[in-house]
Amino acid sequence: MITTPATEALLHGHLDVEHTGRGLIPHRLPARARRQIPDEQLAMAQSQPSGVRLTFRTRATTLALHTVPTKRAYPGVPDLPDGVYDLLVDGRQTAEATVPGGNLRTIDLATGRTTFTEGPPGTAHFTGLPARDKTVEIWLPHTETTELIALDSDAPLTPVAAGTRNRWLHHGSSISHGSNATHPTGTWPALVALAAGLDLTNLGFGGSALLDLFTARAIRDTPADLISLKLGINVVNADAMRLRAFTPAVHGFLDTIRDGHPTTPLLVVSPILCPVQEHTPGPLAPDFTAGTLRFRATGEPGPGRLTLTVVRDELARIVEARVADGDPNLHYLDGRALYGEPDHEIHPHPDAVHPTPEAHRLIATRFTGLALTPGGPLAP
């Protein structure tokens, strides 16, 4: 077996790496932005490698990826399954594996307090790969921070350079991050990218799409052929703003991105249907009364209070005004076209907020049809 240390040359879909004593941790925000993060939620979310994958050419038939995953536990919530590593050969998923053990981060949803326990490395094993030259991708667990150590293989590995496909940069909330998706290529952005042949960088951050300017600067500074922003739901969830602050924050976010991408096709997507917050402001609170985790909105309507209905109307108005002001490559999509009331009847959110795996597939299919087919706002 040949041992290949984990290096940044093997990685796609990340913005930065953190070098450790054993290997490296991919990050989805650059170091400067990470120094400005105000809470543990975003620090954790951006280190979870949603959309990040190892990509290389090889004739190997056996691979062993050594990592240290960081698992999560929530008191009062059933144990989460181990994160999945998806292996693709020439663009088609052929195997998956898990890595048991690793570090453990315990998060109290009621207080926000966290504890961290270190654990040992583990290995994801893949066998029976075709004995020919091929492109192999290993998509990392989308909700497990992953320290990469090395790859063992029975043939040499050659990194694949980025930039051969259209680069799609997407930013959004936990829904874009992949909450409730069962494996990393089952998140709706990954499904879209694989179906459309796009080079995905997924900046979907659980609970943290809050119009932070360091995120806008990261998007501004990252090469992209297509950009989409799914905005609004976390601002409502967190009760982070009133309408007076939301409107200029959206303009500032878009202005910053346009400083680096003045003519790149840019699609603003409003929230998908989420009945608990359509007309009720946040903040959200965890609710265990039914014996499982669900979320409920606790705010009271009032002047300037944000709900999903208010946010959708304002995003549509902002985009219309900016297009009229000279940005013809800016577009708007109502998120309910991706997942609306009829879809909620068939695929209701199990925790009242996040879509099911089936709904992820539905959203991906709808997004591809509305945004990426000929004549769509992001059509390559």
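Up top you'll find the structure we're talking about.
What you see is a predicted model, and the numbers here were worked out from it, not measured in a lab.

Brief notes about the packing of aromatic side chains
Using the criterion set out here, one finds three aromatic pairs in the structure. When the centroid spacing of 6.4 Å and the interplanar angle of 50° are considered together, the rings of Trp168 and Trp188 count as tilted. Highlighted residues: Trp168 in strand β15 (residues 167-172) and Trp188 in helix α4 (residues 188-196), separated in sequence by 20 residues. A residue is classified by how much of its surface remains accessible, and Trp188, at 1% relative accessible area, is buried. Clustering of aromatic rings is evident, with ring pairs tying together Trp168, Trp188 and Phe367. Between Arg53 and the ring centre of Trp139, over which it is positioned, the NZ or CZ distance is 5.1 Å.

Notes on the sheet that holds β15
The strand order across the open sheet formed by five strands is β16-β15-β17-β18-β21, and the pairing between neighbours is parallel. Edge strands, defined here as strands with exactly one partner in the open sheet, are β16 (199-204) and β21 (330-333). Adjacent strand axes in the sheet meet at a mean angle of 15°, parallel and antiparallel pairs treated alike. Bridging between β15 and strand β17 (residues 226-230) involves four bridges; their strand directions are parallel. Each residue of the ladder has a partner; that of Leu169, found in β17, is Ile227. Against the sheet, helix α5 (residues 213-220) engages β15, β16 and β17, with an angle of about 175° to β15. Lying on the sheet, helix α10 (residues 357-372) is in contact with β15, β17, β18 (266-269) and β21; it crosses β18 at an angle near 135°.

Details of unusual backbone geometry
The omega torsion across Gly282 and Pro283 is 10°, close enough to zero to call that bond cis. One non-glycine residue with positive phi stands out, namely Asn180, at about 75°. By the secondary structure assignment, Asn180 is in the loop between α3 (174-177) and α4.

Things to note about the nonpolar core
Within the largest apolar cluster, 69 residues are counted, with the highest numbers of intra-cluster contacts made by Trp168, Leu211, Leu229, Phe246 and Phe367. When residues no more than four places from it in sequence are discounted, the contact partners of Phe367 are Trp168, Trp188, Val192, Ser228, Leu267, Val269, Leu338, Leu372 and Leu378. Among the nonpolar cores identified, the runner-up in size contains 26 residues, and Phe56, Leu63, Leu129 and Leu148 belong to it.

Focus on the packing of helix α7 (residues 243-260) against helix α8 (residues 308-324)
Packed helix pairs are characterised by how far apart their axes lie and by the angle those axes make with each other. One way to put it is that α7 packs onto α8 with a least axis distance of 11 Å and a crossing angle of 45°. Considering their axes alone, α7 and α8 lie oblique with respect to each other. Judged by the twist between their axes, the crossing of α7 over α8 is right-handed. Between α7 and α8, the residues in contact are Leu243, Phe246, Thr247, Val250, His251, Leu254, Asp255 and Arg258 and Val310, Val311, Glu314, Leu315, Arg317, Ile318 and Arg322, respectively. Taken together, the residues of the contact of α7 with α8 break down into eight nonpolar, two polar and five charged.

Some remarks on the packing of α5 against α7
Put simply, α5 and α7 touch, their axes get as near as 7 Å, and they point 25° apart. Judged by the inter-axis angle, α5 sits roughly parallel to α7. In this structure, α5 meets α7 at a crossing whose hand is right-handed. In this structure, α5 contributes Leu213, Thr215, Ala216, Arg217, Ile219 and Arg220 to the contact, and α7 contributes Gly252, Phe253, Thr256, Ile257, Asp259 and Gly260. When its residues are assigned to classes, the contact of α5 with α7 shows five nonpolar, four polar and three charged.

What counts, and at which threshold
Residues numbered from 1 in each chain as written. Predicted model: local features only at pLDDT ≥ 70, side-chain atom pairs only at ≥ 80, totals over all residues. Heavy atoms only, no water. Phe/Tyr/Trp six-rings, centres within 6.5 Å; stacked < 30°, edge-to-face > 60°. Helix = DSSP H or I, 4+ residues; strand = E, 2+ residues; numbered from the N terminus. Buried < 20%, exposed > 50% of the residue type's maximum accessible area, 1.4 Å probe, protein only. Lys NZ or Arg CZ within 6 Å of the ring centre and 35° of its normal. Pairing = 2+ DSSP bridges. Axes fitted to C-alpha atoms, helices over the stretch in contact; angles between N-to-C directions. Contact = heavy atoms within 4.5 Å. Core = buried A, V, L, I, M, F, W, Y, C linked by side-chain atoms within 4.5 Å. Parallel < 35°, antiparallel > 145°, perpendicular 65-115°, else oblique. Left-handed = near helix turned anticlockwise from the far one by under 90°. Nonpolar A, V, L, I, M, F, W, Y, C, P; charged D, E, K, R; others polar.

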